[in-house]
Each structure stands twice: as structure tokens, then as C-alpha cells.
Amino acid sequence: MMLVEPSIPDRFRAQVLSHPDRLAIEAADRSLTYGELGRAVNAATNAILQRGCGHVPHVVLLVDQGIPAVVATLGALSAAATYVPLDPMLPADQLLALVEHADPALIIANRSYLALALAVRGDPSRILCIEEIDEDGHASVPALTVSPDSLAYIYYTSGSTGKPKGVFDTHRNVLHNIWRYTANLRIGMEDRLTLLQAPHFSGAVSSMFCALLNGAACFAYDLRRDGLGPVGAWLRSKRITIYHSVPSIFREVITSGDFP
């Protein structure tokens, strides 16, 4: 019998079915179990598909750190789209150039970035507010198969040595890297992982998926909004077992005087 390779949404749905009542993600404002997160992702997926984006792969994300960003990411992937997270704080001309290069079928934005999304896209029918999706009306499981060879994401480089370049990866490669991290760090369902990287940084991929594809808990912290000062106390209060950040942030945290 031929083995069927999973996609990222396949692996995530397996966690939802296995333990719907376990904590999946927590942020400053709320937390969701795997069952609740699964329903939110289904609603986002169906909302994306209703906009006609299932056959047009690129979906730009203009979102802050937090649960809506994770829902938008998994929703795009479940709709067989490639997610393209961009920094909403970029200068307008740079952001416009990246959106034009990505040529997305849809922009998914936080409510606070809807005006920005309209400015760079110009078509309100191609903009979806992640906070305004009706979960009650769209929570059915999407009947869509996502190939592991599909592109999962495009992250743009900073462009410090020239024009920003798009770096991409497939579902299969992402899952291979998650398997490697899981094996090396021995990640299990009881672990509690940080999600410190903003959505437009590629480091968010391993932080988010190492938790949510292993049945572990993911703890999102918005460094841009809340700053580095409280991170040490936050790590202790949330009983974090696996920390992930770039060295510069880690250095600031351990020298803050409040490191666990």
C-alpha cells in the first residue's frame, strides 16, 4: 500500500482530533484549545475559499503577533494557498512593492491594518479582516486536499544587500524540519513553547509549528507591543519549557535581571 504523505494542515488536524481539549495557544488576551483553534482555522479557510482564492496561491498576511496571526497562517495553508507574511510597519513604498511582487489573490489583515491593506491592494473584495470571520457560519471542515509538494510560504529578505528576495519552502520540507527539531529537542505534548518572533520573521515557522504539530502548547508574546522588559517574568509565569529567539533578544532577556 502506498503511503500518503501529509501536509501541514493534515498534521494539524490530527492534533485537533487527538486531543481537542488540550491547550493549543495562549496570548495576552485569550487562549484556545486545539478544538477551538481547529474551528477558527476551518472558518478562516472557508472564508478564504469563498473569496475564490483556492486556485490562486498567494495570500499576503498583514497581522500582528497573536492568535489571529496563527489562525490566518493555518487558514491560508488549509486553503491550499501560500502565505506571504509582510511587516505592516514597512515604509508604504516598500510594502507596496512587495505586495505587487507577491501579486496576492487576497490580503488577510488585522482590523487595525484594513486601511493599509486597501491602500496597497485597492480592491476591498480582496481584503479579509481576520477578526471579523464568522466562526459559527464557516466552521465546517474544508473538503480540500493539500499536496505536500505545494508551496507553504514565501518570506522576503530584508533587502539590505539589494532588492528583497522571496525565500520559499514546501509543506514537505517544513514538516521535515519540524520532525528534525522535534527529534533533537524531544518535543512532547507536555511542552510549552514560546512564539516570540513576529509573523514576518521566518523563525516563527519553527516556533509555531513545533508546538501545534506536536500537540504542545504555544505561547505568543508581542515584543513590538509589550517590549523586552517583562519577558523574563512572562517565561516564568507561563512555565515555558522551550524558548526560541534570535541571540540578540536572548541576550537582552538574560541580562534584564528577571530571567528564570
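A short tour of the structure in this document, coming up.

Cut-offs applied
Residues numbered from 1 in each chain as written. Predicted model: local features only at pLDDT ≥ 70, side-chain atom pairs only at ≥ 80, totals over all residues. Heavy atoms only, no water. Buried < 20%, exposed > 50% of the residue type's maximum accessible area, 1.4 Å probe, protein only. Helix = DSSP H or I, 4+ residues; strand = E, 2+ residues; numbered from the N terminus. Arc of directions from axis to C-beta. Contact = heavy atoms within 4.5 Å. Pairing = 2+ DSSP bridges. Axes fitted to C-alpha atoms, helices over the stretch in contact; angles between N-to-C directions. Phe/Tyr/Trp six-rings, centres within 6.5 Å; stacked < 30°, edge-to-face > 60°. Parallel < 35°, antiparallel > 145°, perpendicular 65-115°, else oblique. Left-handed = near helix turned anticlockwise from the far one by under 90°. Nonpolar A, V, L, I, M, F, W, Y, C, P; charged D, E, K, R; others polar.

1. Considering helix 1 (residues 8–18)
Within helix 1, burial applies to Ile8, Pro9, Phe12, Gln15 and Val16. Looking straight down helix 1, one finds that the buried residues subtend no more than 120° of arc, so they occupy a single side. Counted as exposed and oriented over 90 degrees from the buried face of helix 1: Leu17 and Ser18. Elements in contact with the buried residues of helix 1: helix 2 (34–50), helix 3 (67–78), strand 7 (151–156), helix 7 (171–185) and helix 8 (203–212).

2. Some details on the sheet that holds strand 10 (residues 217–220)
Pairing is mixed in the open sheet, where four strands are placed in the order 2-1-10-9. The sheet is open, and its two borders are formed by strand 2 (31–33) and strand 9 (192–195), each paired with just one other strand. Looking at each pair of strands side by side, their axes are set apart by 20° on average, direction ignored. Pairing between strand 1 (residues 23–26) and strand 2: three bridges, direction antiparallel. Residue pairing for strand 2: Leu23 is matched across the bridge by Thr33. Those strands touched by helix 2 are strand 1 and strand 2, and its axis lies near 95° from that of strand 2.

3. Overview of the packing of aromatic side chains
Considering all chains together, one arrives at six aromatic pairs under this definition. The interplanar angle of 75° and the centroid separation of 4.9 Å between the aromatic rings of Tyr153 and Tyr155 together place this pair among those described as edge-to-face. As far as burial versus exposure is concerned, Tyr153 and Tyr155 are alike and both buried. An aromatic cluster is defined as three or more aromatic residues linked by ring pairs; in this entry it consists of Tyr83, Tyr153 and Tyr155.

4. Section: the packing of helix 1 against helix 3
Contact geometry for helix 1 and helix 3: axes closest at 9 Å, N-to-C directions at 120°. Overall, the two elements helix 1 and helix 3 adopt an arrangement that is oblique. As helix 1 runs across helix 3, the sense of the crossing is left-handed. Across from Ile8, Pro9, Phe12 and Arg13 in helix 1, the residues of helix 3 making contact are Leu74, Leu77 and Ser78. For the contact of helix 1 with helix 3, the class distribution of residues is five nonpolar, one polar and one charged.

5. Side note on the pairing of strand 3 (residues 58–62)
Within strand 3, five of the five residues are buried, which leaves the element mostly enclosed by the surrounding structure. In strand 3, alternate side chains face the same way, and those of His58, Val60 and Leu62 on one face and Val59 and Leu61 on the other are all buried. Alignment of strand 3 against strand 4 (residues 82–85), held across four bridges, turns out to be parallel. From the neighbouring strand, Val60 faces strand 4, where its bridge partner is Val84.

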